[in-house]
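# Structure at a glance
Spelled out from the first residue to the last, the chains are:
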Amino acid sequence: MTHLSQPLLKKAILAKEAHWEYQRLSLLATAWKIEELKRQLSLMEGFEKEKKESLDGTSQDLELFESLLSLDTSAKVHAEHEQLLCIYNDDNLKFSTINDHLNHLVHQLPSED
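Residues numbered from 1 in each chain as written. Predicted model: local features only at pLDDT ≥ 70, side-chain atom pairs only at ≥ 80, totals over all residues. Heavy atoms only, no water.

## Examining the overall build of the chain
Threshold: In this text, helices come from DSSP runs of H or I with a minimum length of four residues, and strands from runs of E with a minimum of two, each type numbered from the N-terminal end. The cut-offs for exposure are 20% and 50% of the maximum accessible area for each residue type, with area from a 1.4 Å probe on protein chains only; residues under the lower value are buried, those over the upper are exposed, and the others partly exposed. Any pair of residues with heavy atoms lying within 4.5 Å of one another is described as a contacting pair. Surface accessibility in these figures is a Shrake-Rupley result with a 1.4 Å probe; residues are shielded only by whichever protein chains are displayed.
A tally of regular secondary structure across the chain gives three helices and zero strands. Start at the N end of the chain and walk to the C end: the helices and strands fall as α-α-α. A burial count over the chain gives 19% of its 113 residues as buried. Partitioning the contacts of the chain with sequence separation of at least 6, the portion at a separation of at least 24 is 90%. Of the roughly 8,600 Å² of accessible surface on the chain, a fraction of 58% belongs to carbon and sulfur atoms.

## Thoughts on the environment of V77
Locating V77 in the fold gives a position in helix α3 (residues 74-108). We classify V77 as buried; its relative accessible area is 0%. It is 8.1 Å that separates the C-alpha atoms of V77 and Q40, two residues lying 37 residues apart in sequence.

## Observations regarding the pattern of salt bridges
Short version of the rule: Here, a salt bridge means any Lys or Arg side-chain nitrogen found within 4 Å of an Asp or Glu carboxyl oxygen.
On inspection of all chains with the given rule, the structure shows four salt bridges. Its salt-bridge partner being E21, residue R24 comes within 2.7 Å of it at the nearest N-O pair. With R24 and E21 both in helix α1 (residues 6-53) and three residues apart, the pair spans about one turn of that helix. By relative accessible area, which is 33% here, R24 ends up partly exposed. E21 sits in the partly exposed class, given a relative accessible area of 25%. Salt-bridge contacts for E35 lead to K38; the nearest nitrogen and oxygen are separated by 3.6 Å.

## Re a nonpolar patch on the surface
Put simply, the rule reads: Think of a patch as exposed residues, more than 30% relative accessible area, with no salt bridge, where like charges cluster within 9 Å and nonpolar side chains (Val, Leu, Ile, Met, Phe, Trp, Tyr) cluster within 5 Å.
Residues L25, L28 and W32 make up a contiguous nonpolar surface patch of roughly 340 Å² in combined accessible area. In this fold, L28 is placed in helix α1.

## So, the environment of H19
Tracing the backbone shows H19 in helix α1. Taking relative accessible area as the criterion, H19 reaches 35% and is therefore assigned partly exposed. In sequence terms H19 and F95 are 76 residues apart; their C-alpha atoms lie 9.9 Å from each other.

## A look at the nonpolar core
Cut-off, in case you're wondering: Only buried Ala, Val, Leu, Ile, Met, Phe, Trp, Tyr and Cys residues count toward a nonpolar core, and they belong to the same one when joined by side-chain atoms within 4.5 Å.
Of all hydrophobic cores here, the largest spans eight residues; its members are L9, I13, W20, L27, F95, I98, L102 and L105. Mapped by element, the contributors of at least two residues to this core are α1 and α3. By size, the runner-up hydrophobic cluster in this structure holds six residues, among which are I34, L37, M44 and L84.

## Some points on α3
The line we're drawing: The span one expects for a helix is its residue count, reduced by one, times 1.5 Å.
With 35 residues, α3 ought to run about 51 Å at 1.5 Å a step, and its terminal C-alpha atoms sit 51 Å apart, in line with that. Among the residues of α3, V77, H81, L84, D91, F95, I98, L102 and L105 are the ones counted as buried.

## A few points about the side chain of Q23
With respect to the helices, strands and loops of the structure, Q23 is situated in helix α1. A residue is classified by how much of its surface remains accessible, and Q23, at 15% relative accessible area, is buried. Beyond its immediate stretch of four places on either side in the chain, Q23 contacts F95 and I98.

Below, the structure written as structure tokens:
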């Protein structure tokens, strides 16, 4: 990169920074999806537990819980959760690599006085 002019080098670094921010936000969105699935599983498990303990729930209660839950089964939600954890771990590794590369590029720029 030493053959690039300073303005062009700065543009390259800014472009890399934009990509880094995109990756960071993507990683954050995946983390929130994982959290959503964990909470949905907890709700489904709690509902199943209460349903077993008390079989005298009204149809309105059942409709309320069904509206809160997606039509996914617990096994399907678990599978999606595991898949997203793998994606999250891969993305986190990529993010760390991009972050290291960006830091290296930034240190190549001369300081502005």
